[in-house]
Amino acid sequence: LKTLPDYEIPAVRVHTKDHGQWTRNPVPGCDFCDQAECMRNYSKFDDQQMCSQTCSGLNVTSRTCPPGTTQFPEALPGLSGYYAEKCNPWTGCDALAGFD
């Protein structure tokens, strides 16, 4: 196995009037379409979820979003995408589970 270097990704805190503070997932999904349209165009929950996941780039073949299609800037080049797997391929499943 090839050993990859460790990277520290700073937590981005978001504050909202109605929902308090939350920490953004540091890995952006793709931005292929407006997920709000999925809620308007589909009445069944499963269909809404499939549409939303497709908008986010569910299992894009390249494993990262194409340039210029991320929901927000990548913390590291190529660190983007949405996967149905338990962990992302570049994983730090445990490392991404919580932030201080």
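Everything below is about the structure printed above this text.
To start, this report covers the structure provided alongside it. (Residues numbered from 1 in each chain as written. Predicted model: local features only at pLDDT ≥ 70, side-chain atom pairs only at ≥ 80, totals over all residues. Heavy atoms only, no water.)

**Things to note about the overall build of the protein**
Thought 1: Scanning the protein for helices and strands turns up three helices and two strands.
Thought 2: Sequence-ordered secondary structure for the protein, helices as α and strands as β, is β-β-α-α-α.
Thought 3: Relative to all contacts within the protein whose residues are 6 or more apart in sequence, the contacts with residues 24 or more apart total 56%. (Helix = DSSP H or I, 4+ residues; strand = E, 2+ residues; numbered from the N terminus. Contact = heavy atoms within 4.5 Å.)

**Notes on the side chain of Ser-56**
Thought 1: Residue placement: Ser-56 occurs in the loop between helix 2 (45–55) and helix 3 (93–96).
Thought 2: Overall, Ser-56 belongs to the buried group, its relative accessible area being 9%.
Thought 3: When near neighbours in sequence (up to four residues on either side) are disregarded, Ser-56 contacts Gly-29, Cys-30, Gln-35, Gln-71 and Tyr-82. (Buried < 20%, exposed > 50% of the residue type's maximum accessible area, 1.4 Å probe, protein only.)

**Focus: the packing of aromatic side chains**
Thought 1: Across all of its chains, the model carries zero aromatic pairs by this definition.
Thought 2: Taking NZ or CZ as reference, Arg-24 lies 3.7 Å from the ring centre of Phe-72, over its face. (Phe/Tyr/Trp six-rings, centres within 6.5 Å; stacked < 30°, edge-to-face > 60°. Lys NZ or Arg CZ within 6 Å of the ring centre and 35° of its normal.)

**A few points about helix 2**
Thought 1: Residues Gln-48, Cys-51, Ser-52 and Cys-55 constitute the buried set of helix 2. An end-on view of helix 2 places all buried positions within 100° of arc, on one side of the element.
Thought 2: Elements in contact with the buried residues of helix 2: helix 1 (35–41).
Thought 3: Directly beyond the C-terminal end of helix 2, a positive phi value near 90° is found at Gly-57. (Arc of directions from axis to C-beta.)

**Side note on the environment of Gly-81**
Thought 1: Relative to the assigned elements, Gly-81 resides in the loop between helix 2 and helix 3.
Thought 2: Placed 24 residues apart in sequence, Gly-81 and Gly-57 show a C-alpha to C-alpha distance of 6.1 Å.

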